[in-house]
Amino acid sequence: MTPAIDVRGLRKSFGKATALDGLDLSVRPGHVHGFLGPNGAGKSTTIRVLLGVLRADAGHVRLLGGDPWADAVALHRRLAYVPGDVELWPNLSGGEAIDLLSRLRGGADAARRDELCQRFDLDPTKKGRTYSKGNRQKVALVAALAADVDLLILDEPTSGLDPLMEAVFQECIREAKAAGRTVLLSSHILAQVETLADEVSIIRHGRVVETGTLADLRHLTRTTVAATTERDASGLAALPGVHGFRMEDGEVRFDVDGAHLDAAVRGLGALGVRALTARPPTLEQLLLRHYGDELAGVPEGAAP
Amino acid sequence: MSTAATLTGTGTLLRFLLRRDRIRLPGWTLGLALLMAYFSSAVRTVFAAPEDLESFRGYLDSPAGALFGGPSFGESELTVERFIAGEYLLTLLVAAGLMGLLTVTRHTRAEERAGRAELVRAGVVGRSAQLTAALALTAAMSLAVAALIAAVLLRSGFDAAGSVLFGASVGAVGLVFAGVGAVAVQLSAYPRAGSATAGAVLGAAFVLRALGDAASTQGGGLSRLSWASPLGWSQQTAPYVHDRWWPLGLSLAFTAASVALAYRLAGRRDLDAGLIPPRPGRAHAPGWLRDPLTLAFRLQRASLLGWTLALLVAGAAYGAFTRPLVEGFADAPADVLALLGGAANLLRGYLGLMGLTMALLVSVFAVLAVQAVRAEETSGRAEPVLATAVGRTAWLGGHLAVAALAVPWLLLVAGLATGAGAALSADDPGLVLDTALGHLAHTPAVWFVLAVSALLYGAVPGALPAAWALPAYGLVTGYFGDLLGLPEAAAALSPFAHTCQYPLEPVNPPALAVLLALAAALTLAALRAFRARDLRTTA
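Counting restarts for each chain, with residues numbered from 1 along the sequence as it is written. Starting at A for chains and at 1 for ligands, labels are handed out in the order in which the entities are written. For a predicted model such as this one, the threshold for reporting local features is a pLDDT of at least 70, and the threshold for listing and counting side-chain atom pairs is 80 or more; totals across whole chains, interfaces and linings nevertheless cover every residue. The side-chain numbers reported here are obtained from all heavy atoms of the structure, hydrogens and water having been left aside.

Peer 1: Any chance you could explain the overall build of chain B here in plain terms?
Peer 2: When its secondary structure is counted, chain B shows 26 helices and 0 strands. Radius of gyration (C-alpha) of chain B: 25 Å, near the 24 Å computed for a compact globule of 539 residues. The principal-axis extents of the C-alpha atoms in chain B amount to approximately 70 × 70 × 40 Å. Counting every position in chain B, which comprises 539 residues, the buried fraction comes to 51%. By the convention used here, residues are in contact when the closest approach between their heavy atoms is within 4.5 Å. Considering only intrachain contacts with a sequence separation of at least 6, the fraction spanning at least 24 residues in chain B is 77%. Starting at the N terminus, helices and strands are each numbered in turn, a helix being any DSSP run of H or I of at least four residues and a strand any DSSP run of E of at least two. Throughout, the radius of gyration refers to the C-alpha atoms, and the reference size of a globule is 2.2 Å times the residue count to the power 0.38. For every residue, the accessible area (1.4 Å probe, protein chains only) is compared with the maximum for its type, and the residue is labelled buried under 20%, exposed over 50%, or partly exposed between those bounds.

The following block contains the structure:
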């Protein structure tokens, strides 16, 4: 099956600053793809190239089988976009902005639009300049979700929404997926991506450093194990892939690399397990593993 | 909260405002002083001999002179400094008024709107500190302007008492419009609405004194209108003639009253709220709003309406003064008459010059329209539109098409209004059509300005402000080209030199065709360039 989004070796610089440095991204049709990374990693730049708003310096970019720069208008009929910072026309009401954006795309279901306004608790009669950030985002979300399109491109779509609205948003994304839509969801709300995404790509300094299903990614990292055993477990510390081994009050705790989990659990089993908890790594831990060194400072010459 | 507590932090804020305005403040104050120095030296150079000045006497005492300059005080002898006070004081007063109202808006309502005021007020800062600091800054700027202008005039060797009063009269308008601005920003939650309201008061003050001063040359009772205008108070000081200080007492009393009102209103509203509540809009877009062209029209509609009304009023007002102006100019020096096509053609010459003036104004609209397109892009509002099934060419083309259609519309409105005023004033109905045609004939030149602006935007958006050179150059060559003895070739660089000042000069169809072809070619190049470049967003 051809991917909905297929990017290979994408490069984009602004003057001397390299924003994208050989980025690869593949999104399967009908899937929700989480696009994770800190501010300035290149998420929005990637999305703008996909929208044909920026021209790629180098690399292969296909969107729904077309060239996002040359075939922009035709492709845009089949996608809807929610920017991270939604700016509205100050003297147009939210309802006018929604209708306008829908009509410019080629029309939308009016009943669905009204239903979404209700679900997101949005007052469409207020003027653009009177909306808060969250409400501006709702305007863009309603316009995008009301559209009958193949692909949704969402750039941190809920950064201004409250938890109640976040729940409505997640529901809408599940519905979109059930309707067969593909979703590219850029976010740094990890719980959101963990709940919604089938696959995840982690971007850093303009390139994707990890991509796959959450299960795939978890396999690459450590699981935290806590157990109480009948016999002394100190021998486990010497097993390959076991880290941070410690024993307190007869309970043993350690982290183990995904590849060595099997051996460690066998070792435990031989000791007579009385209690056992094993926690898979959270997305947060995954991310921290990739960005941990950033806390100690960005390496010289890296992209912003 | 005690009064003292509401002012906590004013000093710190004032120092911070001075730091923020470290470029803007000298820009305004030194800019006004430089303008003064330019007027002073230019007038002294041009009117080296006293009889040169005397030749302007008839013009100064005419309604035309009063309309564009100010009241005449029946001085026995016209001196260079009296001429400067009569002709150029008004320009400085308007500029000082703008300085006052824009500075107050910038540091009060605009800060609230941007959300920065909230951050500041969450600190140890009293409720009235921000307004007080903004007013103190504006007062300091007005004082600086007064002192600098007085210094410039003193250095020119003019009478000391008159020079100090001249400076004080300019400074006083800065204070008055700081007060007006302080009240205006309380009314609406939007900084633009605040400065527009205060700007409308400045416009009304200008018109009131224009009518009053023009009436006074005819001995009419309407001359009292000048006393209803803050600009009038500063002109009634009559520097170098009567040297009276007391009209500035009116300015100070008005300032005190408006500032007191501003504090009262500010105390009755919430942060970032206006006294006039925002009206709800439509829940659905009207059916016609559905493509890039109609979107562009919807976005430019308010500005178009404002321009239409402004040109209608300005055209009718200037048209209505055709007869007194022509009679006033009959006494003007030969150089000025030459600008209007000579004494025999004064009426047609005046209407032709009005056509050029309106065309220059409409070309300002054209550049502003392209700047508004650029603002759509940099604010991030263009991106979601271009992410729908709207191509680059359709988006920019829609905006340019609306602006291009607005050009002949605005010229027609201005021409019909001026023509109607002139027809009534000169009792010649045929002037309506002649004047309207004369205005419309400038369309290709304004389109050329629009096309150049579009190309700059499409290719090098950062260079768009360079487009202002065209209206500015058109103004200089059109008005002063003959006076300055500019060579023919240099004047020909202005597109407005080729559209001719009908009805004074005949229309030149080949020149119009060339301008049209150039405008079309530049527009195509602009669309191509915009299609090929990245969209610029701040984020």
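On we go from here.
Peer 1: What is the right way to look at the packing of helix H3 (residues 94–105) of chain A against helix H5 (residues 133–145) of chain A in this model?
Peer 2: Between two packed helices, the angle of one axis relative to the other and the distance separating the axes together describe the packing. All names here are of chain A. For every element, the axis is a line fit to its C-alpha atoms; helices are fit only across the contacting stretch, and the angle between N-to-C directions ranges from 0 to 180 degrees. The geometry of H3 relative to H5 is characterised by a closest axis approach of 9 Å and an angle of 35° between their N-to-C directions. The two elements H3 and H5 cross, and the hand of that crossing is right-handed. Within the contact between the two elements, H3 uses Gly94, Ala97, Ile98, Leu101, Ser102 and Arg105 and H5 uses Val139, Val142 and Ala143. As a working rule, the residues Ala, Val, Leu, Ile, Met, Phe, Trp, Tyr, Cys and Pro are called nonpolar, Asp, Glu, Lys and Arg charged, and the rest polar, with Gly in that last group. Classifying every residue of the contact of H3 with H5 by side-chain character gives 6 nonpolar, 2 polar and 1 charged. By definition, turning the near helix anticlockwise from the far helix through less than a right angle yields a left-handed crossing, and turning it clockwise yields a right-handed one.

Peer 1: In this structure, what is going on with the sheet that holds strand E13 (residues 273–279) of chain A? I would like to understand it.
Peer 2: As a general point, the strands of a sheet are linked pairwise by backbone hydrogen bonds and lie either parallel or antiparallel. Residues and elements named next belong to chain A. Reading across the sheet, the 4 strands line up as E11-E12-E10-E13 and stay open at both edges, with antiparallel pairing between neighbours. The open sheet terminates on both sides in strands that have one partner only, identified here as strand E11 (242–248) and E13. The mean inter-strand angle of the sheet, taken between neighbouring strand axes irrespective of direction, is 15°. The pairing criterion for strands is at least two bridges between them, as found by DSSP.

Peer 1: Hey, could you run me through the environment of Ala144 of chain A in this one?
Peer 2: Residue and element names in this part refer to chain A. Inspection of the secondary structure assignment puts Ala144 in helix H5. With relative accessibility at 2%, the residue Ala144 sits in the buried group. As for Ala144 and Leu101, which are separated by 43 residues in sequence, their C-alpha atoms are 8.5 Å apart. Residues within four places of Ala144 in sequence aside, it is in contact with Ala80, Tyr81, Val82 and Leu152.

Peer 1: What exactly am I supposed to notice about the pairing of strand E2 (residues 17–27) of chain A here?
Peer 2: On a regular strand, each side chain points to the face opposite its neighbour's, so the side chains alternate between the two faces of the sheet. Residue and element names in this part refer to chain A. Both strand E1 (residues 5–14) and E2 contribute to a ladder of 8 bridges, which runs antiparallel. Bridging across to E2, Ile5 finds its partner in Val27. In this antiparallel pair of consecutive strands, E1 and E2, the connection spans 2 residues, and Gly15 shows a positive phi of 60°.

Peer 1: Is there a simple way to think about the interface of chain B and chain A in this case?
Peer 2: Where the parts come together, the accessible area they lose is often given as the size of the interface. Each partner contributes residues to the interface: chain B has 40 residues there, and chain A has 39 residues. Taken over both partners, the interface formed by chain B and chain A buries close to 3400 Å², and the fraction arising from carbon and sulfur atoms is 55%. When a carboxyl oxygen of Asp or Glu is within 4 Å of a side-chain nitrogen of Lys or Arg, the pair counts as a salt bridge. Across the chain B-chain A interface, the total number found is 3 salt bridges. For the salt bridge of Lys12 of chain A with Asp534 of chain B, the shortest nitrogen-to-oxygen distance reads 2.4 Å. Between N or O atoms, a polar contact is any pair within 3.5 Å; within protein, one atom must be a potential hydrogen donor and the other a potential acceptor, and residues adjacent in sequence are included only when both atoms are from side chains. Where chain B meets chain A, there are 21 residue pairs in polar contact (both at pLDDT 80 or more). Going through the elements one at a time, helix H16 (292–320), helix H20 (382–386) and helix H26 (509–532) of chain B are the ones with two or more residues in the side of chain B that touches chain A. Here the side of chain B that touches chain A is composed, by residue class, of 19 nonpolar, 8 polar and 13 charged. A quick way to say it: buried area is the sum, across both parts, of accessible area lost when two parts are put together, with a 1.4 Å probe.

Peer 1: What am I meant to see in the packing of aromatic side chains here?
Peer 2: Geometry of an aromatic ring pair is reported as the spacing of the ring centres plus the angle between the planes. Between 30 and 60 degrees the pair is tilted, below 30 it is stacked and above 60 it is edge-to-face, where a pair is any two Phe, Tyr or Trp rings, Trp via its six-membered ring, whose centres lie within 6.5 Å. Per the stated rule, a full pass over the model turns up 12 aromatic pairs over all chains. Both rings, one in Phe245 of chain A and one in Phe254 of chain A, keep their centres 6.0 Å apart while their planes meet at 20°; by these two values the pair is stacked. Owing to a relative accessible area of 24%, Phe245 of chain A belongs among the partly exposed residues under this scheme. Looking at Phe254 of chain A, the relative accessible area reads 2%, which means it is buried. Between Phe166 of chain B and Tyr240 of chain B the ring centres are 6.4 Å apart and the planes differ by 45°, which places this aromatic pair in the tilted class. With Phe166 of chain B in helix H12 (residues 160–187) and Tyr240 of chain B in the loop between helix H14 (230–235) and helix H15 (247–267), this residue pair connects regions lying 74 residues apart in the sequence. A single burial state applies to Phe166 of chain B and to Tyr240 of chain B, both of which are buried. Grouped by ring-pair contacts, the aromatic residues Tyr38, Phe39, Phe83 and Tyr88 of chain B constitute a single cluster. Look at NZ for Lys and CZ for Arg. If either is within 6 Å of the ring centre and within 35 degrees of the ring normal, a charge sits over the ring. Just above the ring of Phe530 of chain B sits the side chain of Arg392 of chain B; from NZ or CZ to the centre is 5.3 Å. One residue, Arg533 of chain B, lies across the ring of Tyr457 of chain B, its end atom 5.1 Å from the ring centre.

Peer 1: Looking at this structure, how should I read the side chain of Thr499 of chain B?
Peer 2: Residue and element names in this part refer to chain B. Along the polypeptide, Thr499 turns up in the loop between helix H25 (488–491) and H26. For Thr499, a relative accessible area of 0% corresponds to the buried category. At 2.8 Å, the side chain of Thr499 forms a polar contact with the side chain of His442. A polar atom in the side chain of Thr499 sits 3.4 Å from the backbone oxygen of Phe496.

Peer 1: I'm lost on unusual backbone geometry in this one. Help?
Peer 2: For residues other than glycine, phi is negative in most cases, and the peptide bonds are mostly trans. Residue Asp121 of chain A is not a glycine yet carries a positive backbone phi of 55°. Counting through the fold element by element, Asp121 of chain A comes out in the loop between helix H4 (110–119) and H5. The backbone of Asp427 of chain B sits at a positive phi, close to 60°, despite the residue not being glycine. Structurally, Asp427 of chain B can be placed in the loop between helix H21 (392–426) and helix H22 (431–440).

Peer 1: I keep staring at the packing of H16 of chain B against helix H19 (residues 346–378) of chain B and nothing clicks. Help me out?
Peer 2: Residues and elements named next belong to chain B. Look at H16 against H19: their axes get within 12 Å of each other, and the N-to-C directions meet at 165°. As judged from the angle between their axes, H16 and H19 are roughly antiparallel. The two elements H16 and H19 cross, and the hand of that crossing is right-handed. Touching Leu299, Gln300, Ser303, Leu304, Trp307, Leu311, Ala314, Gly315 and Tyr318 of H16 are Tyr350, Met354, Met358, Leu361, Val362, Val364, Phe365, Leu368, Ala369 and Glu376, all from H19. The residue makeup of the contact of H16 with H19, split by class, is 15 nonpolar, 3 polar and 1 charged. An angle below 35 degrees is treated as roughly parallel, one above 145 as roughly antiparallel, one from 65 to 115 as roughly perpendicular, and anything else as oblique.

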